[in-house]
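# Residue-level structural notes
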Amino acid sequence: MPYLSPQMIGFVSIGLLFLMIGLRAPIAIAMIVSGIVGFGWIIGFDVALAVLETAPLDVARRYSFTMIPLFLLMGNLAVQSGLSGDLFTASRRLLRRWRSGLPLASVSACGAFSAVSGSSLATAATMARVAVPEMLSSGYSPRLAAGTLAAGGTLGIMIPPSIALLLYALITEQSVSVMFMAGLIPGVLAFILYCVTVVILVKRNPGRTEIASSDNLTILQAIAKGIPVLVLFLTVMGGLYGGLFTPTEAAGAGAFLALLFAIYRGMRFSGFVSAVKSSIHTSATIFLIIIGAEVFGYLLSVSQITFELVGFIRDLNLPPWQVLVIILGFFIIFGLFMDSLAIILLTVPIFYPLIIEVGIDPIWFGILAVVAVEIGLITPPVGMNLFIIRSVAPSISLRDVMYGTMPFVLADFVRLAILLLFPALVLILPQWLGIY
């Protein structure tokens, strides 16, 4: 066998990674296999097997990672408590006089639920079950219904507490508090752009029946339905930024309060078991991906690919903004074929040294990276939210789901451009609070 440099072995291993992904292997398994093969090829397979033995334990015993299952449990308990239905009912009542009231209510409910869910897939699935039948029965087009809920679900990846922002902070050793606060304005900006998109779409295609509201809620009653979500959000974020909780303690407090709300609202024991099972399943998936990224990181280290990449970019003498645009392009392309959390865990360790080398702010980059990944959630061919909406609303064809999301994809590109041009929108809140 001809001699291969560590860098060439690293590129061969990356090729193996994408080959396995193309063959539909789980991303975590693909990272573990390609990482062990490449690392063992360079250092020795005895050492590689030792890494495989210790990496899972290293990940499992990190105290900071306990936030992940706790935030997931908070979101799942919020689902079991029926808060999603209350948020939609309240939003529908407050916006029912608007011509595009129902889709606007859907986006608003998604944004509010994101504040306690932290997951795009959970937000899309939960709100679609409530809102899609209402929108279709009120005469809105299937494309608008599907697009609104698929896009609204992506708010869960940005509005804190966000699992994606949490993972970025953990793997880059940034402050979780800073990342959460930095994501607030971009999340609100996404909500505003989605609402504008809805209004434009309804104005262009007004052919629908008028909404016949099935409730007689007063304004105060509608607002009262959103109070539990507000209390949850303020408990987590207020305690975190008020110095009462560490991030892990904030996650625990949020999960406990969500449990109390769920019990008060009549959650059965089977509902609690379902919430715990869902949290364990998602946590196990995320932790396996983290273990895969840890193993793959050893390969990146010994092959020195990241150092070669940094040197190559340095030799090109590209200005920082061009480097940033190229990296974001990679994120968007990866988002067409891979899960969002897997993209963050796989690519951020590669690109992070590069953005530090060229002087790009790591918090700003983290928000831009998550926005770029978020675009992939609603972009064909394999945007995860597209298939979530299709599974929840089987009466809507996958073709209509895909076409329905395209105006919202355009809105996301507008948001990405705005955040690129105005970094202060990301950094102003952390700096104003004196935490960055």
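### Side note on the pattern of salt bridges
Side chains that differ in sign of charge can pair as their charged atoms come close. Taken as a whole and judged by the stated rule, the model has four salt bridges. Notably, a salt bridge pairs Asp412 with Arg415, separated by 2.9 Å at the nearest N-O pair. Here the residue Asp412 and the residue Arg415 both occupy positions in helix 21 (residues 398-421), the gap between them amounting to three residues, near one helical turn. Per residue, the accessibility class of Asp412 equals that of Arg415, and both read buried. Put simply, Glu374, Asp412 and Arg415 are held in one network by salt bridges that share partners.

### What to know about the side chain of Thr347
Its location among the elements puts Thr347 in helix 18 (residues 340-357). Relative accessible area serves as the criterion here: at 3%, Thr347 is assigned to the buried category. Setting aside residues no more than four positions away along its own chain, Thr347 makes contact with Phe331 and Phe334.

### A closer look at the packing of aromatic side chains
In total, this model carries nine aromatic pairs according to the counting rule given. Relative to Phe180, the ring of Phe71 has its centre 6.0 Å away and its plane inclined at 70°; by these criteria the two rings are edge-to-face. With Phe71 in helix 4 (residues 67-80) and Phe180 in helix 10 (residues 176-182), the pair connects residues that are 109 residues apart, well separated along the chain. Take Phe71: its relative accessible area is 2%, and that puts it in the buried class. An aromatic cluster of three or more residues is present, and its members are Tyr168, Phe330, Phe331, Phe351 and Phe365.

### A short note on the side chain of Thr154
Summarising the element assignment, Thr154 is placed in the loop between helix 8 (142-153) and helix 9 (163-172). Of note is the side chain of Thr154, whose polar atom sits 3.0 Å from the side chain of Tyr194. Only 3.1 Å separates the side chain of Thr154 from the side chain of Glu374, close enough to count as a polar contact.

### A short note on the nonpolar core
Grouped burial of nonpolar side chains is what soluble globular proteins tend to show. Ranked by size, the top nonpolar core spans 148 residues in total, and within it Ile68, Phe331 and Phe365 carry the most contacts. With sequence-adjacent residues up to four places away left out, Phe331 is seen in contact with Ile343, Thr347, Val348, Phe351, Phe365, Ala369, Ala372 and Val373.

### A word on the environment of Gly40
Checked against the element boundaries, Gly40 lands in helix 2 (residues 27-42). Its relative accessible area of 4% is what places Gly40 among the buried residues. A sequence separation of 77 residues divides Gly40 from Ser117, and the C-alpha atoms of the two residues are 40 Å apart. Not counting the four nearest positions on each side in its chain, Gly40 is found in contact with Phe45 and Ala48.

### A look at a nonpolar patch on the surface
A surface patch of nonpolar side chains, amounting to about 530 Å² of accessible area, comprises Val12, Ile29, Val33, Val37, Trp41, Phe45 and Leu288. The biggest single contributor to the nonpolar patch is helix 2, with four residues.

### So, helix 15 (residues 269-303)
In this model helix 15 runs 51 Å from its N-terminal to its C-terminal C-alpha over 35 residues, within 8% of the 51 Å that 1.5 Å per residue would give. Directly after helix 15, the chain includes Gln304, whose backbone phi takes a positive value near 60°.

### What about helix 9?
Of all 10 residues in helix 9, nine are buried, a share of seventy percent or more. Residues of helix 9 that are buried: Ile163, Ala164, Leu165, Leu166, Leu167, Tyr168, Ala169, Leu170 and Thr172. On its buried face, helix 9 sits against helix 4, helix 10, helix 15, helix 18 and helix 19 (362-377). The first or second residue beyond helix 9 is Glu173, which carries a positive phi of 60°.

### Let's talk about the environment of Pro320
Residue position: Pro320 is located in helix 17 (residues 320-335). Here Pro320 falls in the partly exposed class, since its relative accessible area comes to 37%. Sequence separation between Pro320 and Ile185 is 135 residues; the distance between their C-alpha atoms is 23 Å.

Calculation criteria
- Residues numbered from 1 in each chain as written.
- Predicted model: local features only at pLDDT ≥ 70, side-chain atom pairs only at ≥ 80, totals over all residues.
- Heavy atoms only, no water.
- Salt bridge = Lys/Arg side-chain N within 4 Å of Asp/Glu carboxyl O.
- Helix = DSSP H or I, 4+ residues; strand = E, 2+ residues; numbered from the N terminus.
- Buried < 20%, exposed > 50% of the residue type's maximum accessible area, 1.4 Å probe, protein only.
- Contact = heavy atoms within 4.5 Å.
- Phe/Tyr/Trp six-rings, centres within 6.5 Å; stacked < 30°, edge-to-face > 60°.
- Polar contact = N/O pair within 3.5 Å; in protein donor to acceptor, adjacent residues only side chain to side chain.
- Core = buried A, V, L, I, M, F, W, Y, C linked by side-chain atoms within 4.5 Å.
- Patch = residues over 30% accessible without salt bridge, like charges linked within 9 Å, V, L, I, M, F, W, Y side chains within 5 Å.
- Areas by Shrake-Rupley, 256 points an atom, 1.4 Å probe, with all protein chains shown as cover.
- Expected span 1.5 Å × (residues − 1).

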